[in-house]
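Notes for the structure review
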Amino acid sequence: MIAMDSDIKNIESEIDRLREEIRRHNYLYYVKDAPEISDEQYDALFDRLVELEEENPEFITPDSPTQRVGAEPSPEFRSVAHTLPMLSLGKVTSVGEFMDFHRRVCDGLRVPVDTSIRYSCEPKLDGLAVELVYENGSLVLGATRGDGFTGEDVTQNIRTVQSIPLKLRENHPKVEIRGEVIFPLEAFKQMNENRIAGGEEPFANPRNAAAGSLRQLDPKITSGRPLDAYFYGFGSMELSGRISPSTHKEELELIEELGLKVVKYAKSMDGPEAVAEYFREISETREQFPFEIDGIVVKVDKIGYQEILGEISRQPRWAIAWKFPAQEKVTLLKDVIWSVGRTAAVTPVAVLEPVELAGVTVKRASLHNEDQIARLGVKIGDKVVVRRAGDVIPDIVKPVAELRTGGEKDILPPEKCPVCNSELVKEPGDVFRRCPNVSCPAVVAESLAHWASRSAMDIDGLGPKQIEQLLSEKLIEDPADLYSLTVEQLVPLDGFAEKSAENLIKAIENSKERPLEKFINALGIRHVGETVARLLAERFHSIQALQNASEEDLVTIDGIGPEIAKAITDFFGNESNIELLEKLEKANIRPIPPEEQKSERPLRNLTFVITGTLSIPRNEVKRLLEAAGAKVANTISGNTDYLVCGVSPGSKITKAEKLGVKKLNEEEFKRFLLEKKVDTSVFEAE
Ligand code: IVH
């Protein structure tokens, strides 16, 4: 009897020890991001605990690390009242508006406006607000914000978030901790790819993914989602053996000591100017955060001041959200037009009621293809959510079904080519309808624009407008015709003078000697873009050799599969393409094979200026450019050739525009470097 008692005592204390140990490693791994033991060692501890608990179920407690995903699916979420309301934040979007907030703070504290108030600033996480309640150190409740007074009890799902401890590192009678559950960006992208591949609806954005995951009735599903959580404040608290924090900074420190993740990059600073600087810094590094942020939150640091300032209409007077310009807006989908591209694919383009989005007026958005329209279920006349991510053409995220009036119309794809009226064809397995007319004016014009583009023959001054004119004046029919144009033919055309006509003829002449890979890209072979063109140039060294290659030869190239191979041989099997190639040869187009391209110091004589934040440090970019023979200057002048623009570029951009200096965003810059055969592996290392 006595022996058994002590056995049980031993088991109990082993369980306790294991739990303590596992909690510590969870903390090191998930919160501190600094594990001390290997996954195998961790698994061994965890498995031992599971074993002991299975043998002695009477010792299982809800705060055991094994009990994260325990519960059965619940039929619905229970409502819970917050002890203290979860306030919302007022917002500002400019320095001026922020200064108004600062003025209100000073007024409220009855101090002069030039008083250097201490502010605590942190990124504003774009996730889902939650409150955790710990009693005697154990997590007893996890709730959503709801309307601020009452939220939903999502405890079972909160427990599956690995970085949220089931037990705090200090025991206090009661602590309510507030923060944001987020869906990490990388995992979000991956999950959406998987969902699309599996025929499931992707989530519109990481915030929806976080909300959707947290509001899953089955915690097993939530546990499969890599949710994370960061905390920034308290609700009510009863501490033992500690005095309450007296500043926001101390609050964050306490959260950290209790064992939760604190919102990253939080900083305290004096005065509104420093806050404005912080806002700029965070805006510039926004893209580097592993989760979405939509601005910063500025809080008066001293709790005593917060209490004096109080709140007004459910918003604190001591805190404010300073938001980035919106990336998503709702606007009217007025119409859908169908555009014919150089591959003859007919694609839908959304015509929108113009809307300001992240500082740009957006009038058009991409709808990609008919499948996308069906998937979104969008109609003409719908209010739609438009989203700009980075620099790309905006996307339509979804229609706002709640705003439908009943007058919306289905989007019907055309049966005939909107440009030449030919009957469109849709091959099985192709997502696009295509115009079968090889001389369809739209296809011809788009092919010529591609021919002249920078990644192809790079003919400066030959844009869509000039191409349109040359076609309508019947001066050209195909790319080869460009090479017999004369200054005299151009001068009478609208927008041309002697000088600009000469320049264009010179640019066309210069384009006769382009790297082979550019020439291959310029041909517009289906599935052959810059990358494949480079592979082909490196393998075959001439158009003639490429022309003679069989599908079997082609598929031996790493990166070229049967579909691309077939597209290439189809291209060279087509008589009119061969005629074009012969015509080009007669016009003296001499693509330069890779071995003859001068690759040493490919950027000599070029001067670059860099502005904004790039994904690699600026001095690395500088080193890379200089190694390739370029000069890197600090200020824009008449001698500058290119302005490389990162995120949040400065005033240099305006100056560049004034002086007509070419601008390259990071993507364009990388492409430019690739074209010039500059080693870009530093970017890949990121
Ligand atoms: S403080 C009284 N700090 O923004 C202060 N909120 O409108 C209340 N949010 O949904 C909030 N990041 O969850 C604060 N660093 C941060 C935040 C943050 C995101 C969310 C919050 C709520 C909304 C407030």
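Cut-off values and rules
- Residues numbered from 1 in each chain as written.
- Predicted model: local features only at pLDDT ≥ 70, side-chain atom pairs only at ≥ 80, totals over all residues.
- Heavy atoms only, no water.
- Pairing = 2+ DSSP bridges.
- Helix = DSSP H or I, 4+ residues; strand = E, 2+ residues; numbered from the N terminus.
- Axes fitted to C-alpha atoms, helices over the stretch in contact; angles between N-to-C directions.
- Contact = heavy atoms within 4.5 Å.
- Near = heavy atom within 4 Å.
- Polar contact = N/O pair within 3.5 Å; in protein donor to acceptor, adjacent residues only side chain to side chain.
- Areas by Shrake-Rupley, 256 points an atom, 1.4 Å probe, with all protein chains shown as cover.
- Buried < 20%, exposed > 50% of the residue type's maximum accessible area, 1.4 Å probe, protein only.
- Arc of directions from axis to C-beta.
- Phe/Tyr/Trp six-rings, centres within 6.5 Å; stacked < 30°, edge-to-face > 60°.
- Parallel < 35°, antiparallel > 145°, perpendicular 65-115°, else oblique.
- Left-handed = near helix turned anticlockwise from the far one by under 90°.
- Nonpolar A, V, L, I, M, F, W, Y, C, P; charged D, E, K, R; others polar.
- Patch = residues over 30% accessible without salt bridge, like charges linked within 9 Å, V, L, I, M, F, W, Y side chains within 5 Å.
- Salt bridge = Lys/Arg side-chain N within 4 Å of Asp/Glu carboxyl O.
- Lys, Arg positive; Asp, Glu negative; His and termini not counted.
- Charge placed at Lys NZ, Arg CZ, Asp CG, Glu CD.

Moving on, we get to the sheet that holds strand β23 (residues 662-665). Read from one edge to the other, the open sheet built from four strands follows the order β21-β20-β22-β23, with strand pairing classed as parallel. The sheet terminates laterally at β21 (631-633) and β23, the two strands that pair on one side only. Direction aside, neighbouring strands of the sheet carry axes that sit 30° apart on average. Sheet analysis places strand β20 (residues 607-611) next to β21, joined by three bridges and oriented parallel. Its bridge partner lying in β21, Val-609 is registered against Ala-633. Across the sheet, helix α24 (residues 652-659) lies against β20, β22 (642-645) and β23, angled at about 150° from β22, the strand it touches most.

Within the open sheet, the four strands sit side by side as β5-β4-β7-β8. Their pairing is antiparallel. This sheet does not close on itself; its edge strands, each paired only once, are β5 (138-144) and β8 (228-238). When strand polarity is set aside, the average angle formed by the axes of neighbouring strands in this sheet is 25°. Examined bridge by bridge, strand β7 (residues 174-182) and β8 share eight bridges and lie antiparallel to one another. Following the sheet pairing, Val-175 is matched in β8 by Met-237. Taken strand by strand, helix α8 (residues 248-258) contacts β7 and β8, and its axis lies near 110° from that of β8.

Here the focus is the site of the ligand. If you check the shell around the ligand, you find 14 residues, and the closest are Leu-89, Glu-122, Glu-180, Tyr-232 and Lys-299. At 3.2 Å from a nitrogen atom of the ligand is found a main-chain nitrogen or oxygen belonging to Pro-123. Within the side chain of Lys-299, a nitrogen or oxygen atom sits 3.0 Å from a nitrogen atom of the ligand. In isolation the ligand exposes 520 Å². Once the protein is present, 86% of that is buried. The greatest single-element share of the shell around the ligand, amounting to four residues, is contributed by strand β3 (residues 118-125).

All of the buried residues in helix α18 (residues 530-540) are Val-532, Ala-533, Leu-536, Ala-537 and Phe-540. Buried residues in α18, looked at end-on, bunch into an arc of 140°, giving them a common side. Of the surrounding elements, those touching the buried residues of α18 are α17 (516-522), α19 (543-548), α20 (551-555) and α21 (562-572).

Let's shift gears to the packing of aromatic side chains. Ring pairs (aromatic) are described by centroid distance and by the angle formed between their planes. A full pass over the atoms with the stated rule returns 18 aromatic pairs. Residues Phe-98 and Trp-322 carry aromatic rings whose centres are separated by 5.0 Å and whose planes lie at 15° to one another, so their mutual orientation is stacked. With Phe-98 in helix α3 (residues 95-109) and Trp-322 in strand β13 (residues 319-323), this pair connects stretches of sequence that are 224 residues apart. Residues Phe-279 and Trp-322 carry aromatic rings whose centres are separated by 4.2 Å and whose planes lie at 5° to one another, so their mutual orientation is stacked. In this pair, Phe-279 sits in helix α9 (residues 272-285) while Trp-322 sits in strand β13, placing the two residues 43 residues apart along the sequence.

This brings us to the packing of helix α12 (residues 441-452) against helix α13 (residues 464-472). Direction vectors running N to C along α12 and α13 enclose 130°, while the axes themselves pass 10 Å from each other. Overall, the two elements α12 and α13 adopt an arrangement that is oblique. Helix-helix and strand crossings are classified by hand; for α12 and α13 the assignment is right-handed. Contacts between α12 and α13 involve Val-444, Ala-445, Leu-448 and Ala-449 on the former and, on the latter, Ile-467, Glu-468 and Leu-471. A per-class count over the contact of α12 with α13 returns six nonpolar, no polar and one charged.

In this section: a positive patch on the surface. Side chains of Arg-454, Lys-662, Arg-671 and Lys-676 sit close together on the surface and give a patch of like positive charge. With respect to the helices, strands and loops of the structure, Arg-454 is situated in the loop between α12 and α13. By relative accessible area, Arg-454 is classed as partly exposed at 33%.

On to the pairing of β20. Among the five residues that make up β20, five are buried, leaving the element largely enclosed by the rest of the structure. Of the two faces of β20, both are covered, the one formed by Thr-607, Val-609 and Thr-611 as well as the one formed by Phe-608 and Ile-610. For β20 and β22, the ladder comprises four bridges, and the chain directions are parallel. By the bridge assignment, Thr-611 is partnered in β22 with Cys-645.

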